[in-house]
Amino acid sequence: MTIDVLSPVRSGLRWGLGHGLPGLAIRQGARGGDLVSRLVVDPDLRQDPFPAYERIRADAAARGSVFIDNGRLMGTVDHAAATEILRSDDFGVAFELPGRLQRAFAWSLDPWAAGPVDPPSMLAVDPPVHGRYRRLVTRWFTAREVRGLEERITETATRLLDGLAAQGSRVDLVEEYAALLPVAIIAEILGVPAHQHAQLLAWGNGAAITLDPALTWRQYRGAQQHVRALHRWLDDHLAAKRRSPGDDLLSALATLEDDDLTDLELRGIGLLVLGAGFETTVNLIGNAVAQVQSRPEVRAAVRDDPGLWGGVVEETLRFDSPVQLTFRSALTDTVVAGSPVRRGTGVLTYLGGANRDPAVFADPARFDPTRDDAGRHLAFSSGVHYCLGASLARAEATIGLRLLHERFPDLRLDGEPTRRPTRVLRGYERMPVALR
Ligand code: HEM
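Overview of the structure. (Residues numbered from 1 in each chain as written. Predicted model: local features only at pLDDT ≥ 70, side-chain atom pairs only at ≥ 80, totals over all residues. Heavy atoms only, no water.)

1. Here we look at the coordination of the iron atom of the ligand
Metal coordination angles have textbook ideals: 109.5 degrees for a tetrahedral set of four donors and 90 or 180 degrees for an octahedral set of six.
Right, so step 1: The protein supplies the iron atom of the ligand with one donor atom, C387 (SG), which lies at 2.3 Å.
Right, so step 2: Relative to the helices and strands, C387 is located in the loop between α18 (351-354) and α19 (390-407). (Donors = N, O, S within 2.8 Å, 3.2 Å for Na, K, Ca; no water. Helix = DSSP H or I, 4+ residues; strand = E, 2+ residues; numbered from the N terminus.)

What follows is the structure, encoded as structure tokens:
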């Protein structure tokens, strides 16, 4: 790795164009009451965005549209419109700036600090490049492959629960369980030794906020240090796998022969799969525990019928989605569900709001693990970027929750859980529980 003397300049420019300037407009919009802006910066709406989603639904309907529009960004909570956008070739994932600013923005990308929403991350590139990256990793995450992992998930969850049982009765469920299960499994798929899990978790937690818009310079700088550490670690790790490959995903990437992927592209694929593999499922497990704990009738139902945990997971994905929104940009003048969108317009699809669309889900604000159409949710997105790890996340959460409650049938919250400070990812940072 060479030292880039321009790195601080790139960082400053990238923050200014990607977060600082848009952040000014967003803060101003929020002061004026604009909902799209308030959803980014208002801590109350971060805590509970659902009333705001219903206002968006009503305001859009009052305009005879599926969108609200603040002149710079459009937003939708309409399930049909969100699905159409996510599946449409008329929309791409790149954040576009006008003319020269776009060139400056592209130049500002530091290859040792490219995060999950910077190219060449799969999340930040459109077809055909996107398909080229994705094809290299899909085989590790097919439903069949995940079925083969169920035993490992069970063993890992059991080992973690043994650890919990050996502790006192009061623990932080996120730190001691929900976070550890996904990182152990994705690390195994990638071929990362167990002694590195804690370090990866710390870097991943620090980097997770890079998915959010309008970061302050302090937040951005802090998160960048974690992203840089992950790049350096992955660079070393890929080199080690090249020297001595195993039967794992990173070895397969490190020893690709027919492909002319750059080192940055390889790190981009590895970093996204690694980070997405544990920074999301932790939230699904935590959100599910919170929903179940606050409903005695659901607790009783899963105790009587552990087969219902699959329904709890699906309903949690719908009702309290771990990824609340995604961004798309119109590549051409187009029309979505009858509403026009101009080329270059940024559109926010609020997955968490679309998952409560009454046109699709009856009584959507009710948490009901027996609902038979919960699986129509958009929690894993749709279209070409549909979550690669959806089957894995479902398996980890279903097995992890069932075993947790079987081992500790009297588990209960022991204090107020605290939400993570992130906006795109929705989950708990801490969840104090009493196990017995
Ligand atoms: C509850 C857990 C999870 C949720 C809610 C979730 C959600 C999502 C969403 C919403 C997207 C698409 C974003 C967009 O359209 O812009 C996505 C993409 C992705 N997810 Fe997940 N995810 C979860 C778990 C996982 C796991 C366990 C993995 C492990 C491999 C993973 C890997 C990925 C990857 C690689 C992408 C990018 C796919 C692409 O761009 O083609 N995710 N995920």
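Now that the structure is up, let's keep going.
2. Describing the pattern of salt bridges
Two side chains that carry opposite charge are able to pair once their charged atoms sit near each other.
Right, so step 1: Enumeration over the complete set of coordinates arrives at 21 salt bridges.
Right, so step 2: A salt bridge links K241 to D248; the nearest nitrogen and oxygen atoms lie 3.0 Å apart.
Right, so step 3: The residue E279 makes a salt bridge to R420 at a minimum N-O spacing of 2.4 Å. Here E279 is found in helix α14 (residues 263-279), whereas its partner R420 is found in the loop between β10 (418-419) and β11 (428-430), with 141 residues between them in sequence. With respect to class, E279 is no different from R420; both count as buried. (Salt bridge = Lys/Arg side-chain N within 4 Å of Asp/Glu carboxyl O. Buried < 20%, exposed > 50% of the residue type's maximum accessible area, 1.4 Å probe, protein only.)

3. Observations regarding the side chain of R267
Right, so step 1: Considering the arrangement of structural elements, one finds R267 in helix α14.
Right, so step 2: The buried charged residue R267 lacks any salt bridge partner; its closest oppositely charged side chain belongs to D235, at an N-O distance of 4.2 Å.
Right, so step 3: Other than its neighbours up to four places away in sequence, R267 contacts P111, W112, H231, L234, D235 and L238. (Lys, Arg positive; Asp, Glu negative; His and termini not counted. Contact = heavy atoms within 4.5 Å.)

4. Points about the site of the ligand
Right, so step 1: Around the ligand, 27 residues are found, and the nearest of them are H130, R134, S381, H385 and C387.
Right, so step 2: The separation between an oxygen atom of the ligand and a polar side-chain atom of S381 is 2.7 Å.
Right, so step 3: Note that an oxygen atom of the ligand is positioned 2.7 Å from one of the side-chain N or O atoms of H385.
Right, so step 4: Secondary-structure elements contributing two or more residues to the shell around the ligand are α7 (129-137), α14, α15 (281-293) and β5 (325-330).
Right, so step 5: Considering every element that reaches the shell around the ligand, the biggest residue donor is α14, with four residues. (Near = heavy atom within 4 Å. Polar contact = N/O pair within 3.5 Å; in protein donor to acceptor, adjacent residues only side chain to side chain.)

5. Notes on the sheet that holds strand β2 (residues 73-76)
Remark on secondary structure: sheet strands pair via backbone hydrogen bonds, oriented parallel or antiparallel.
Right, so step 1: Here five strands make up an open sheet; going across it, the order is β1-β2-β8-β5-β3 and the pairing mixed. The sheet terminates laterally at β1 (68-69) and β3 (91-92), the two strands that pair on one side only.
Right, so step 2: Where helix α5 (residues 79-87) meets the sheet, its contacts fall on β2, β3, β5 and β8 (346-350), and the angle it forms with β8 comes to roughly 125 degrees. (Pairing = 2+ DSSP bridges. Axes fitted to C-alpha atoms, helices over the stretch in contact; angles between N-to-C directions.)

6. Comments concerning the sheet that holds strand β4 (residues 170-172)
Right, so step 1: Spatial strand order, β4-β12-β9: three strands in an open sheet with antiparallel pairing. The sheet is open, and its two edges are formed by β4 and β9 (412-413), each paired on a single side.
Right, so step 2: With two bridges joining them, β9 and strand β12 (residues 432-434) adopt antiparallel strand pairing. In the sheet register, R412 faces β12, and the bridge partner there is A434.

7. A word on the packing of aromatic side chains
Right, so step 1: Here the structure, examined in full by the defined rule, presents eight aromatic pairs.
Right, so step 2: With a centroid separation of 6.4 Å and 65 degrees between ring planes, the pair formed by F95 and F327 is classed as edge-to-face. With F95 in the loop between β3 and α6 (99-107) and F327 in strand β5, this residue pair connects regions lying 232 residues apart in the sequence.
Right, so step 3: On the accessibility criterion, F95 (32% relative accessible area) is partly exposed.
Right, so step 4: Here the aromatic residues W15, W217 and Y220 are joined through ring pairs into a cluster of three or more.
Right, so step 5: A cation sits over an aromatic face here: R318 above F361, 5.2 Å from the ring centre.
Right, so step 6: The ring of F319 carries R356 above its face, with NZ or CZ at 4.0 Å from the centroid. (Phe/Tyr/Trp six-rings, centres within 6.5 Å; stacked < 30°, edge-to-face > 60°. Lys NZ or Arg CZ within 6 Å of the ring centre and 35° of its normal.)

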